[in-house]
Amino acid sequence: MLSEVVDVIVAVATVVAAVVAAISARAAMVSAKASTTQVQLMVEEVEKRERPYIYGHFHAAYGAIVRFSLENKGSVAAIDVKARFEEPAPIQFTELSLNSVALFRNTIPFFPAGERYTVDVDWGMDMFAGGKPTEFKLNLSYQSPGGREIADSIVFDISHLRSILDPPPTTAEALMQHKEALDKLISVMKGWNRRN
């Protein structure tokens with residue numbers, strides 16, 4: 001009878017050990033899966049934070065000229081940057097497509113973080129004349145230093161610039177500004193001559 005009790009205890013202990021082992025294995029699997037998910041989230045976060053981010057925008061300069069700037073707003077350099085406008089692309093002063101400018105025609109082999117390249121596009125009054133398009137799409141492709149391929153597109157609507165761009169002064173207006181300054185200078189000189 002003692003041997004039967006020992007056999008039952010051993011059998012129960014074996015079953016309990018098997019159940020505990022199964023529960024431990026399941027817990028280890030859940031823990032490993034959670035750890036894997038956590039590591040993947042951390043890697044994704046680092047990739048978001050530590051990557052190049054090429055961005056472009058149109059802006060007004062000197063009150064009358066529209067400029068385009070291409071910047072790396074990321075935290076690391078971009079490699080082999082290609083930027084090209086879909087047609088119709090903005091037209092430059094020379095009446096050529098902005099895509100013919102070296103910045104858009106050539107690949108930028110190394111684009112450091114924080115760097116900006118700027119191109120004068122055209123006079124605002126010319127860009128908005130005669131129903132010319134005010135919406136443009138820029139396609140970008142580049143790599144992170146680790147070789148990750150990044151492709152992006154940005155759509156620009158530059159119609160908001162129309163309200164802040166002043167046309168350049170006409171020749172008559174520029175001469176009138178100089179005439180006013182010269183008249184003041186002549187008046188001061190005449191007053192000085194009368195006193196001496």
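Up top is the structure these notes are about.
Below is a short write-up of the structure. (Residues numbered from 1 in each chain as written. Predicted model: local features only at pLDDT ≥ 70, side-chain atom pairs only at ≥ 80, totals over all residues. Heavy atoms only, no water.)

### Brief notes about the overall build of the protein
Phase 1: What the protein contains, in helices and strands, is four helices and seven strands.
Phase 2: By the compact-globule yardstick of 16 Å for 196 residues, the protein is too spread out, its C-alpha radius of gyration being 35 Å.
Phase 3: The 196 residues of the protein split such that 27% are buried.
Phase 4: For the protein, the share of sequence-separated contacts (at least 6 apart) that also reach a separation of at least 24 residues comes to 65%.
Phase 5: Just so you have it, the protein exposes about 13100 Å², and 61% of that area is on carbon and sulfur atoms.
Phase 6: Considering the protein, the positive charge centre built from 20 side chains and the negative charge centre built from 23 side chains are found 10 Å apart. (Helix = DSSP H or I, 4+ residues; strand = E, 2+ residues; numbered from the N terminus. Rg over C-alpha atoms; globule rule 2.2 N^0.38 Å. Buried < 20%, exposed > 50% of the residue type's maximum accessible area, 1.4 Å probe, protein only. Contact = heavy atoms within 4.5 Å. Areas by Shrake-Rupley, 256 points an atom, 1.4 Å probe, with all protein chains shown as cover. Lys, Arg positive; Asp, Glu negative; His and termini not counted. Charge placed at Lys NZ, Arg CZ, Asp CG, Glu CD.)

### Describing a nonpolar patch on the surface
Phase 1: Side chains of Leu182, Leu185, Ile186, Met189 and Trp192 sit close together on the surface and give an oily, nonpolar patch of about 520 Å² of accessible area.
Phase 2: Along the chain, the position of Trp192 falls in helix α4 (residues 171-195). (Patch = residues over 30% accessible without salt bridge, like charges linked within 9 Å, V, L, I, M, F, W, Y side chains within 5 Å. Salt bridge = Lys/Arg side-chain N within 4 Å of Asp/Glu carboxyl O.)

### Details of the pairing of strand β2 (residues 65-72)
Phase 1: The element β2 is extensively covered by neighbouring structure, given that seven of its eight residues are classed as buried.
Phase 2: As paired elements, strand β1 (residues 54-61) and β2 share eight bridges and run antiparallel to each other. Bridged to Gly56 within β2 is Leu70.
Phase 3: As consecutive antiparallel partners, β1 and β2 are separated by three residues, and within that stretch Tyr62 has a phi angle of approximately 55 degrees, a positive value.
Phase 4: Where β2 meets strand β5 (residues 116-123), seven bridges bridge the pair, whose relative direction is antiparallel. Residue pairing in the sheet places Glu71 in a bridge with Arg116 of β5. (Pairing = 2+ DSSP bridges.)

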